[in-house]
Structure formats: structure tokens, C-alpha cells
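Listed below, chain by chain, are the residues.
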Amino acid sequence: MRIFILSMVLGLLGAVSVLAAVEIALEGDPVTVIDEVYHRDGMAYVAIDDLLPPLRLTGTWNAVEHVYRIEGAFGTALISPGSRFLRQGGSFELLAQKPRFIDGRLRVSDDFIRKHLIPLADVRVIYRDLNPGVSPPVDESSAMDRLFSFLLRKEKPNDAPQLRAIALDPGHGGQDPGSIGLNGVKEKDVTLALAQHLQKQVKMELGIPVYLTRDADYGLGLEDRFRTAAQPDVDALLLLHAQSSFGLQAQGVFLYVRPIELNEDTPASVDESQKLAEILSAALTQAGFVVQGILSAPLLPMGQGDLPTVLVEAGFLTNPDDRPILDAAEGQQRFAAALFAGLKKFGEKRQKSGDL
Ligand SMILES: [Zn+2]
């Protein structure tokens, strides 16, 4: 039976301090002081790479799978910045906070250290937060504003090609399968396949960069998704999704754009997202797909800013006509080709109209 000694040196309640540190050691070992402690949302975060050696555990980051693997006598445990779970074999522990990248290193919360990491060590652990509970409260609305204002286009040079780069966000991923359709087809797999077909075609025919928010089956937070799309040369963003419904009848493509922001900086007449959606709709219709409409999406996380952005609900995975298209390479390629035709036309129109 393992016993954990958790002791805390309480700081002055309410005091705000920049300095912070934690001490960690297996009982009997010299104490390791980690003074790189970040406070976010009222919680202390410490780099996982700093925590493991004192616990005689090892860790490796897999950039392809977006997973951090913790190994020790207990076996293997997996965490990911995109996931709220710690996975050990077939079992999952729910985390109060996801691990997160701060200042280039993967960091875990104080809560994670106490409840999930320390129990992985095979002897007693001493862990002290030398300066607990002292971070100022985070203003939620300003955090959301920062997140959503990513999608602002930078000035485009005059000699730039029609489109300099595009960003694609295959919806869902990892532990979030999205909607599930007939034959168990998962939205996360369909969206990734569509993105990859489209990426290939854009690269081959336009020779411009295509940024994918994810290129494999892993989960991502909103912030990571928008950060990818916020590259300075991105001229259009497509968010790719597919739906499911309780009935089999619901069918067809829906395109969503941000509600028009009525303020002086963004005159409603220059709504390029709407233009992009209309061009995509025409291209999809021409390719034989059923487009049900272009809708405004106040509830969908689509960011803010002037980057032309369209959320594509590619069809219903529960519909007997849509599903075989979205679930097969041939259909995915055809759908991606229609989106490509629309994007290409959008680029040409923008160049012609001098709207750079
Ligand atoms: Zn979705």
C-alpha cells in the first residue's frame, strides 16, 4: 500500500506573486525544486518533462500522434493536449484540466500532479507547492476574444497569387468521433479524408500551402484549430463536418457562415465568407451534390475576423444516399474536387475584382 505525503506551504491568500515553485521527490531522495511554474485559469502548471525524473518515470512526446507517453514500473500511461483523459491500458481517468502547451513545453496542472501523476510512482512521494493559489482570476470573455480574433487577414502583397494558402479544419478527432452514421462510419474519419483529398488537389494544381489543423486521428482544442488557420498567408478557411440525424431522410450539404458583424470596421457589404459560401454552393451543385442552403451560424465556433470562412456540413452519415458518398474514397474525392473548384473560382474572382 502506497502512502502519499502531500504537504503545502500556504502563501498569503489573495496575494499575487510572479514567483512560484514546487518541490518534488520520492521519499528519501534529494528534493528537486522546479521553479518554472505557470499560472493559468487559477491553476499552476508544470512541465511534465521536469516532473518525471524525480519520480523515476520516463516520458516521450509523439508529435505525429500528438500524445505524451509516461512510462514506469506501473506500465504506460498516455496524455494529450487535445484530451481530457489519462489513458492507462483500456481504462480512462477524467482530468479536471487538459495538459497544455505553454511557452513551448507540455505542462500539466497541479491537480493532475496530485491526483493522477503521483499515484503512478511506486514509492512515497513528497510534493509541495511553495506558492499555491496565487494566480489572478482570468477574465473568461477576454480569453474567448483572444481565441476568436485569430482569423484576421494581414495585408496581401499586390503580386501575390489568387490564393496564397488555405487552411482546412477536419472536425473532431481522437476521443471525439463526431457524429456516427450508418455502418458505424465516424465523422472524424470522413472529415479527415475529405481534408486530405482536398489538400492533395490544391497542392498539385495550385501549388500553394495547405494548412491542416490535424493530419491524423487526434483531438484538438479550439485554440489549436484557430491558431493553425491564423497563419498570415491563409486566404480562406474551410471547417469540415458531416452530420447525423435520428431519421434517415435528412440529407444534403449545409454551408454555414459567421453572422455578419455590424460594426464600423467591417462593413456588411464586404462579406467574403458569404461570397465564398455562394461560390462553393454553386460548385457543389454543379458537381451533382444537393446543397440545402447557406445559413448563418451564431452558435458554431467559427472565430471572428475577416478571414473568409465557411463551415461545410458535407452531408448526413445517417442518410442512405449521402453515406456511401462520404464513406468511400471515390465519393470523398468527388466532394473534395467540387470544393476545390469553388476555392479556385473564389481566388480568381477576388483577383479580378481587385479585392486583395
Ligand atoms: Zn461535426
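Here, the structure is the one placed above.
All of the points below concern the structure found in this document. All residue numbers here refer to positions counted from 1 along the written sequence of the relevant chain. In keeping with the model being predicted, local features are shown solely for residues with a pLDDT of at least 70 and side-chain atom pairs are shown and tallied solely at 80 or more, while totals for entire chains, interfaces and linings include all residues. The basis for every side-chain value is the complete set of non-hydrogen atoms in the structure, without hydrogens or water.

Observations concerning the layout of surface pockets
Cut-off, in case you're wondering: Think of a 1 Å grid over just the protein atoms. A cavity is a set of points where a 1.4 Å probe fits yet cannot get out, a pocket is an open set with protein on both sides within 12 Å along at least five of seven lines, and lining residues have an atom within 4 Å of a point. Grid points are joined across faces, edges and corners, and a volume is the space filled by probe spheres set on the points. What counts as a helix is a DSSP run of H or I of at least four residues, what counts as a strand is a run of E of at least two, and both are numbered from the N terminus. Residue polarity is assigned by list, with Asp, Glu, Lys and Arg as charged and Ala, Val, Leu, Ile, Met, Phe, Trp, Tyr, Cys and Pro as nonpolar; anything else, Gly included, falls into the polar class. For the domain bounds, the source is a domain assignment made automatically or taken from a database.
Its volume calculated, the second largest pocket comes out at about 700 Å³. Gly173, Gly174, Gln175, Tyr218 and Gly219 are, among the 35 residues lining the second largest pocket, the residues nearest its centre. Among the elements that take part in the lining of the second largest pocket, helix 5 (residues 222-229) stands out by supplying three residues, more than any other. For the lining of the second largest pocket, the class distribution of residues is 14 nonpolar, eleven polar and ten charged. Here the lining of the second largest pocket gathers at least three residues from each of two domains, domain 1 (5-136) and domain 2 (145-352).

A few points about the coordination of the zinc ion
Just so we agree on the cut-off: Each metal's donors comprise the N, O and S atoms found within 2.8 Å of it (within 3.2 Å for Na, K or Ca). Water is not part of the atom list, so some coordination spheres may appear incomplete. The classification of residues rests on relative accessible area computed with a 1.4 Å probe and restricted to protein chains. Under 20% of the type maximum is buried, over 50% is exposed, and intermediate values are partly exposed.
Listed as protein donors to the zinc ion are His172 (NE2), Glu187 (OE) and His241 (ND1); their distances from the metal cover 2.0 to 2.1 Å. Every donor residue of the zinc ion comes from the same chain, spaced as H-x14-E-x53-H. Separated by 69 residues along the polypeptide, His172 in the loop between strand 14 (165-170) and helix 4 (187-205) and His241 in strand 16 (residues 234-243) bring together distant segments of the chain. For the pair His172 and His241, a shared accessibility class is recorded, and that class is buried.

Re helix 4
So the rule is basically this: A helix is expected to span 1.5 Å multiplied by its residue count minus one.
Here helix 4 contains 19 residues, and its C-alpha end-to-end distance of 27 Å stays within 8% of the 27 Å for a straight helix at 1.5 Å per residue. For helix 4, the full list of buried residues reads Glu187, Lys188, Val190, Thr191, Leu192, Ala193, Leu194, Ala195, Leu198, Gln199, Gln201 and Val202. Of the residues trailing helix 4, Gly207 is marked for its positive phi of about 65 degrees.

Details of a nonpolar patch on the surface
What counts is decided by this rule: What makes a patch is a set of residues exposed beyond 30% relative accessible area and free of salt bridges, joined within 9 Å when like-charged and within 5 Å when nonpolar (Val, Leu, Ile, Met, Phe, Trp, Tyr). A 1.4 Å probe and the Shrake-Rupley method give the accessible areas. Residues count as covered only by the protein chains that appear here. Salt bridge, as used here: a side-chain nitrogen of Lys or Arg that lies within 4 Å of a carboxyl oxygen of Asp or Glu.
Taken together, the side chains of Val31, Val33 and Leu130 present a nonpolar region at the surface, about 230 Å² in accessible area. Structurally, Leu130 can be placed in the loop between strand 13 (125-129) and helix 3 (140-148).

A few points about the sheet that holds strand 4 (residues 37-40)
Worth spelling out the cut-off: Only when DSSP finds a minimum of two bridges between them are two strands counted as paired. The axes used here are C-alpha line fits, helices contributing only the stretch in contact, and every angle between their N-to-C directions lies in the interval 0 to 180 degrees. Should any heavy atoms of two residues lie within 4.5 Å, those residues are counted as being in contact.
Read from one edge of the open sheet, four strands run 4-5-12-11, paired in antiparallel fashion. Each having just a single partner strand, strand 4 and strand 11 (100-102) make up the two edges of the open sheet. For this sheet the average axis-to-axis angle between neighbouring strands, irrespective of direction, equals 45 degrees. With three bridges connecting them, strand 5 (residues 43-47) and strand 12 (residues 105-109) associate as antiparallel partners. Bridge assignment links Tyr45 to a residue of strand 12, and that residue is Ser109. Helix 2 (residues 110-117) contacts strand 5 and strand 12 of the sheet and is inclined by roughly 70 degrees relative to strand 12.

Things to note about the pattern of salt bridges
For side chains of opposite charge, pairing can occur when their charged atoms come near one another. One pass over the full model with this rule turns up 15 salt bridges. Close ionic contact of Arg128 with Glu23 constitutes a salt bridge, the shortest N to O distance being 3.0 Å. Residue Arg128 is found in strand 13, and its partner Glu23 is found in strand 2 (residues 22-26); the two are separated by 105 residues along the sequence. For Glu23, a relative accessible area of 17% corresponds to the buried category. Across the pair Asp217 and Lys188 runs a salt bridge, and its minimum N-O distance is 3.0 Å. Of the two residues, Asp217 is situated in the loop between strand 15 (210-212) and helix 5 and Lys188 in helix 4; the sequence distance between them amounts to 29 residues. On the basis of relative accessible area, Asp217 is assigned to the partly exposed category, the value being 42%. We classify Lys188 as buried; its relative accessible area is 9%. One connected set of salt bridges, linked through shared partners, spans Glu36, Asp50, Arg105 and Arg107.

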